[in-house]
Amino acid sequence: MKRISHWINGGTVAGTSGRTGPVWNPATGEQQAEVELASAEEVDAVVAAAVAAFPEWRATSLSRRSEVMFHFRELVDANRKEIASHLTSEHGKVLSDALGEVARGLENVEFACGIPHLLKGGFSEQASNGVDVYSIRQPLGVVAGITPFNFPAMVPMWMFSTAIACGNAFVLKPSEKDPSASLFLAELLKAAGLPDGVFNVLQGDKVAVDRLLEHPDVAAISFVGSTPVARSIYENGTRHGKRVQALGGAKNHMVVLPDADIEMAADAAVSAAYGSAGERCMAVSLVVAVGHAADPLVTAIRARLPKLRIGPGTEPDSEMGPLVTRDHRDKVASYIDRGRDAGATVVVDGREAPVASGEGFFLGVSLLDDVKPDMDVYTDEIFGPVLGVVRVDTYDEAVALVNDNPYGNGTAIFTRDGGAARQFQFEANCGMVGVNVPIPVPVAYYSFGGWKASLFGDTHMYGPDGVHFYTRTKVVTSRWPDPSTSTVDLGFPRTR
């Protein structure tokens, strides 16, 4: 059986811990590989390789770093299909969705190509007589990324593209559920000219994560995952003196006002709820239908569901693939009965879809109406193809639902009223807001991140915030006086 190992110092290195985990083919339900799970000692070896590589890379010119990122960008672009095939094989998402993931990750590589401009500091001449002051941004050292199963290529590129371009050495701990894409990206970085040891891949589970969090040579941790784990990562990492950005879960509301284009809103709700089988932190999991929009909206959504083509991600006609594991599929399916038992109306039951009774970890799409805020299907991040509809009478009730929710990742509003949209983006307590856009993931030159329990730390990911996270500011005050005019002065430094 295929064995998936670590990438250390520019090459594949077999594990020594003796522990492995299964890697499944979600479309068939069969195990296709074993991934090696690192011991604490192996973590130390990976970090040591990064520590050794950092000084030379940190001293590398900005133009050379940019050149490496440009080469990497070209290699990712040329190998889109192969990267996507790894995602489809191990995660299960359909090929078109996998290609979209690669494209959004590539945007971040392109942003990092501009690192000479992004690292420009400020300069103030003659701050005092003969004194100049300027600021520079310098890399942190060795930084680590802990990434989730749902975006095995894009989220790592969110992190390491900027971190490496800023001059850091990077250790990636990908999800053990779908680890192969990380190794392929490592090969492309090496081919692009990145020195050995600057990028390393550490396969592992909680043992590896815990050691990274306490390792004295790891300066910063980036994480994307569930809220309970994000909170733990943040608390543990900061307790060990690290800079941490930990992105957690979400329960994204899509508000539909009575004046909205119902057909467009229904298309958006279906696309955003069931794309990638709902395994997205930016998926729409709740539609908030305001007033008389509810009945026609539910009818329009329901009419679209039988037309969705669910099947293996490798089949070109498939629009939605399986869930990532059998356990996760079964957990998602359990929410259908939990919703019904709590009083929700099951409009469509995904367990009744023909594909759900076959091989693999498939589940059809589900639609629950009359969802209330005290139900598990409302409060829990289901992370699967289950869409709930909440009915409210007024815009104010809809905004209150968004703002009272403990998560604050993303939200959206569908309306023809520009004033209502403007008011919503002003009032909504979320980090990312869409206006007639159901999944408002920012482009790479902005930054991604939520509020409230969706983010631990004060820095969002990638974009300008990413540059700030992976560097620290140094301010230099300099004077080059005529030596003949130098005198002793014990007074407080003056600027006037």
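Residues numbered from 1 in each chain as written. Predicted model: local features only at pLDDT ≥ 70, side-chain atom pairs only at ≥ 80, totals over all residues. Heavy atoms only, no water.

Peer 1: Pulling in residues and values, what's your account of the side chain of serine 454?
Peer 2: As for its position among the elements, serine 454 is in the loop between β21 (451-452) and β22 (455-456). One polar contact links the side chain of serine 454 to the main-chain amide nitrogen of glycine 408, over a distance of 3.1 Å. One polar contact links the side chain of serine 454 to the main-chain amide nitrogen of asparagine 409, over a distance of 3.3 Å. With residues near it in sequence (within four places) discarded, serine 454 still touches Ala246, Leu247, Gly248, Gly249, Ala250, Tyr407, Gly408 and Asn409. (Helix = DSSP H or I, 4+ residues; strand = E, 2+ residues; numbered from the N terminus. Polar contact = N/O pair within 3.5 Å; in protein donor to acceptor, adjacent residues only side chain to side chain. Contact = heavy atoms within 4.5 Å.)

Peer 1: Describe the sheet that holds strand β15 (residues 345-348), listing the residues and the values that go with them.
Peer 2: Across the sheet, seven strands lie side by side as β15-β16-β17-β14-β13-β19-β20; this open sheet has mixed pairing. Each edge of the sheet is formed by a strand with only one pairing partner; in this case those strands are β15 and β20 (432-435). With direction set aside, neighbouring strand axes in the sheet form an average angle of 20°. As paired elements, β15 and strand β16 (residues 366-369) share three bridges and run antiparallel to each other. Counterpart to valine 346 in the pairing with β16 is leucine 368. Along the sheet, helix α10 (residues 262-274) contacts β13 (252-256), β14 (284-290), β16, β17 (386-392) and β19 (410-414); its crossing angle with β13, the most-contacted strand, is approximately 170°. Strands in contact with helix α15 (residues 418-427) are β13, β19 and β20; relative to β19, the strand with the most contacts, it is inclined by about 165°. (Pairing = 2+ DSSP bridges. Axes fitted to C-alpha atoms, helices over the stretch in contact; angles between N-to-C directions.)

Peer 1: How would you sum up the packing of helix α14 (residues 395-404) against α15? Please name residues and give values.
Peer 2: The interhelical angle for the contact between α14 and α15, taken along N-to-C directions, is 30°, at an axis separation of 11 Å. Between α14 and α15, the crossing angle belongs to the class labelled roughly parallel. When you trace α14 past α15, the crossing you get is right-handed. Side by side, α14 and α15 meet where Tyr395, Val399, Val402 and Asn403 of the first sit next to Ala420, Gln423, Phe424 and Glu427 of the second. Taken together, the residues of the contact of α14 with α15 break down into five nonpolar, two polar and one charged. (Parallel < 35°, antiparallel > 145°, perpendicular 65-115°, else oblique. Left-handed = near helix turned anticlockwise from the far one by under 90°. Nonpolar A, V, L, I, M, F, W, Y, C, P; charged D, E, K, R; others polar.)

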